[in-house]
Amino acid sequence: MKCQTIKVLSVIILLLTFTSVNQWAIIPFGNLITTAIIQLIFIGIIYKKKNYLFPNYKQESTFCPINLYLIWAYICILRGLFIAENYWEYKQLLIGGISCLLPIMIWLFNRPYSVYKIYSYWFKYGILFFLLCYWWNVGFTQFYLSPLLLLFCFFPLFPHKKAWLIFIVGILYCYFGGAENRSQLIKGACALIIGGLSFFIPYFPKKVIKIGHVLSYATIFVIFGVVLNNIGDVISGKISVEEAKYGNENELTQDSRSLIYADVITSAINHNYIIEGRTPARGNDINLSYALFFWAYDDNMVFNKNERHANEVLHLNIFTWEGLIGVILYFCIYLKASYLAVYRSKNNYISLLGCFIAFRWVFGWIEDINNFNILNIGLWTMIGMCYSDKFRNMSNLEFKQWIRKLI
């Protein structure tokens, strides 16, 4: 039963890979309705088979942050049923509610066997379909190829020829992202840096990784000091929309998020939902950030109650839908994952992955929209591995032998 469940989930994840790039594809795979159906089937199977996938998900105190967050997510979704007033808000509740349930994937990716079966299947068929159909359809994009980040993080652990091949693909991943898609460039480069460190890290003392863990979280000061340094001035009106959008010509450090922050923060203050959120049925008011995205929509597009339901920034969506309570609980999931990886792991490779997860939490303040797509499946695979006592109890050699089986 368990083997059959994993096989079905592997196929669904491949289908979700195809739907993840519909927005950019010349020939989309289905539409919003079919995508939501696939996502709901995926979620339903995980819930139904959770006792097979991870029997102790309720008992272990390790998973307290996940369980507390999910309880709050359920409450926010139920609240959304009562506040939704029209078709669009019920539709938003469905989409947002699905997005709020991303942490359930920790149940799926907690066991090395499950990760091995799912990822070996994806690397076999996902790459094949990419070469046959999606290279010309969507290009070399993170929204299809995100599972490769796991290989980039540990490329030196593979045999010599495979290691070089993974490294070259990693360089191409960053190159094709470039300045136009700095998210892909930054995540790919950081994964390759982790990979480079994984070659030397068995010889480093654990203290070095602990310092790296702290520094990974400390990059939040760079994000808010360099990239998001206009938020206060935008809210106070000292900087115009045009200045905020076009004031910096450097594409890598250009601030494309302060206008979104200004709208999200002022919307929460004006409508008094800072603590508990507005539920996944609603979005934030659009007063300033329209300049960033209105060009992408048809002239006849009407936003429900002049609200944008979801933004590109992960934590701002959690804040709008679930309030500060949701943001704090979501942070606790990342913090516990990275802490367990760095301080409770017998191998250095999972500890390095914990540093990467710490960085990804920081990066969620400017990117990583929380859609139920392959990009987030890749992220929550890594978080699930950090929570897993089976991954953390592996020796360096055992982890090396495990990851070599993926391709």
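Because the structure is predicted, anything quoted here is derived from the model rather than measured.

(A) Seen up close, the packing of helix α4 (residues 64-83) against helix α18 (residues 314-343). At a minimum axis separation of 9 Å, α4 and α18 run at an interaxial angle of 170°. The angle between α4 and α18 places the two elements in the roughly antiparallel class. Judged by the twist between their axes, the crossing of α4 over α18 is left-handed. Residues Pro65, Ile66, Leu68, Tyr69, Trp72, Ala73 and Cys76 of α4 form the contact with α18, whose own contacting residues are Ile318, Trp321, Glu322, Ile325, Gly326, Leu329, Tyr330, Cys332, Ile333 and Lys336.

(B) Structural context of a nonpolar patch on the surface. There is a patch of nonpolar side chains on the surface, built from Ile26, Ile27, Trp135, Trp136, Trp164, Ile168, Leu172, Tyr175 and Phe176 and spanning about 1,000 Å² of accessible area. For the nonpolar patch, the secondary-structure elements that each account for two or more residues are α7 (112-138) and α10 (160-177). No other element matches the five residues that α10 contributes to the nonpolar patch. Ile168 gets classed as partly exposed once you look at its relative accessible area, which sits at 46%.

(C) A look at the packing of aromatic side chains. Enumeration over the complete set of coordinates arrives at 39 aromatic pairs. A ring pair is formed by Tyr334 and Trp380, whose centres lie 5.9 Å apart and whose planes are at 70°; its orientation type is edge-to-face. Of this pair, Tyr334 sits in helix α18 while Trp380 is found in helix α20 (residues 374-387), placing the two residues 46 residues apart along the sequence. The exposure class assigned to Tyr334 is buried, which follows from its relative accessible area of 0%. Using a relative accessible area of 0% as the deciding quantity, one classes Trp380 as buried. Sitting above the plane of the Tyr116 ring, Lys405 keeps its charged end 5.0 Å from the centroid.

(D) Here's a closer look at the environment of Ser146. Within the fold, Ser146 resides in the loop between α8 (142-145) and α9 (148-153). Relative accessible area serves as the criterion here: at 4%, Ser146 is assigned to the buried category. Through-space distance from the C-alpha of Ser146 to that of Gly188 is 9.1 Å; in sequence the pair is 42 residues apart. Beyond its immediate chain neighbours, meaning those up to four positions away, Ser146 contacts Tyr173, Ile374 and Leu375.

(E) Representation of helix α5 (residues 87-100) within the structure. If you check α5, its first and last C-alpha atoms are 20 Å apart, about what 14 residues at 1.5 Å a residue would give, namely 20 Å. Against α2 (32-48), α4 and α18 lie the buried residues of α5. The distance from a side-chain oxygen at the start of α5 to the backbone nitrogen of Trp88 is 3.1 Å, and the residue carrying that oxygen is Asn86.

(F) Looking closely at the pattern of salt bridges. Counted by the stated rule, this structure contains 10 salt bridges. Where Arg278 meets Asp285, a salt bridge forms, and the shortest distance between an N and an O atom there is 3.3 Å. You'll find Arg278 and Asp285 in the same group, each marked buried. A salt bridge links Glu312 to Arg308, with the nearest nitrogen and oxygen atoms 3.2 Å apart. According to the relative accessible area criterion, Glu312 is partly exposed, its value standing at 26%. Through salt bridges that share partners, Glu85, Glu89, Arg278, Arg282, Asp285, Lys305 and Glu307 make up one connected network.

(G) Representation of the packing of helix α12 (residues 206-218) against α18 within the structure. The contact between α12 and α18 brings their axes to 10 Å, and the two run at 165°. Classed by the angle they form, the pair α12 and α18 counts as roughly antiparallel. In this structure, α12 meets α18 at a crossing whose hand is right-handed. Together, Lys206, Ile209, Lys210, His213 and Tyr217 of α12 and Phe331, Tyr334, Leu335, Ser338, Tyr339, Val342 and Tyr343 of α18 make up the contact between the two elements. Residues that form the contact of α12 with α18 fall into these classes: eight nonpolar, two polar and two charged.

(H) Structural context of the layout of surface pockets. In this structure, the second largest pocket encloses a volume near 350 Å³. Residue lining of the second largest pocket: 17 residues in total, with Ile194, Leu197, Gly212, Ser216 and Cys355 positioned closest to the centre. Secondary-structure elements contributing two or more residues to the lining of the second largest pocket are α11 (182-200), α12 and α19 (348-363). The element best represented in the lining of the second largest pocket is α12, accounting for six residues.

Analysis parameters
- Residue numbers here run from 1 along each chain, matching the order of that chain's written sequence.
- Only residues with pLDDT of at least 70 get local features here, since the model is predicted, and only at 80 or more are side-chain atom pairs given and counted; chain-wide, interface and lining totals rely on the full set of residues.
- The basis for every side-chain value is the complete set of heavy atoms in the structure, and neither hydrogens nor water enter the calculation.
- In this analysis an axis means a line fitted to C-alpha atoms, helices contributing only their contacting stretch, and an angle means the value between N-to-C directions, from 0 to 180 degrees.
- A run of H or I in DSSP counts as a helix once it spans at least four residues, and a run of E counts as a strand once it spans at least two, with each numbered from the N terminus.
- If an angle is under 35 degrees, it is roughly parallel; if it is over 145, roughly antiparallel; if it lies from 65 to 115, roughly perpendicular; otherwise it is oblique.
- Note on convention: the crossing is left-handed when the near helix lies turned anticlockwise from the far helix by less than a right angle, right-handed when the turn is clockwise.
- Here a residue-residue contact requires only that any non-hydrogen atoms of the pair lie within 4.5 Å.
- Patches were defined on residues exceeding 30% relative accessible area and lacking a salt bridge, with like-charge contacts within 9 Å and nonpolar side-chain contacts (Val, Leu, Ile, Met, Phe, Trp, Tyr) within 5 Å.
- Under the convention used here, a 1.4 Å probe and the Shrake-Rupley method define accessible areas, while residue burial counts only the protein chains that appear.
- Salt bridges are defined as contacts in which a side-chain nitrogen from Lys or Arg sits within 4 Å of a carboxyl oxygen from Asp or Glu.
- Burial classes: relative accessible area under 20% of the type maximum marks a residue as buried, over 50% as exposed, and values in between as partly exposed (1.4 Å probe, protein chains only).
- In this scheme Phe, Tyr and Trp rings, the latter by its six-membered ring, pair at centre separations within 6.5 Å, and the angle between planes marks the pair as stacked below 30 degrees, edge-to-face above 60, and tilted otherwise.
- Geometrically, a lysine NZ or arginine CZ counts as sitting over a ring once it is within 6 Å of the ring centre and also within 35 degrees of the ring normal.
- The span expected for a helix works out to 1.5 Å for each residue beyond the first.
- Any pair of nitrogen or oxygen atoms within 3.5 Å is treated as a polar contact; in protein, a donor-acceptor pairing is required on top of that, and neighbouring residues in sequence qualify only through side-chain atoms on both sides.
- Put simply, Ala, Val, Leu, Ile, Met, Phe, Trp, Tyr, Cys and Pro go in the nonpolar bin, Asp, Glu, Lys and Arg in the charged bin, and everything else, Gly too, in the polar bin.
- Here a cavity denotes a set of grid points, spaced 1 Å apart and computed over the protein atoms alone, in which a 1.4 Å probe fits but from which it cannot get out, and a pocket denotes an open set meeting protein on both sides within 12 Å along at least five of seven lines; residues with an atom within 4 Å of a point are reported as lining.
- Grid points are joined across faces, edges and corners, and a volume is the space filled by probe spheres set on the points.

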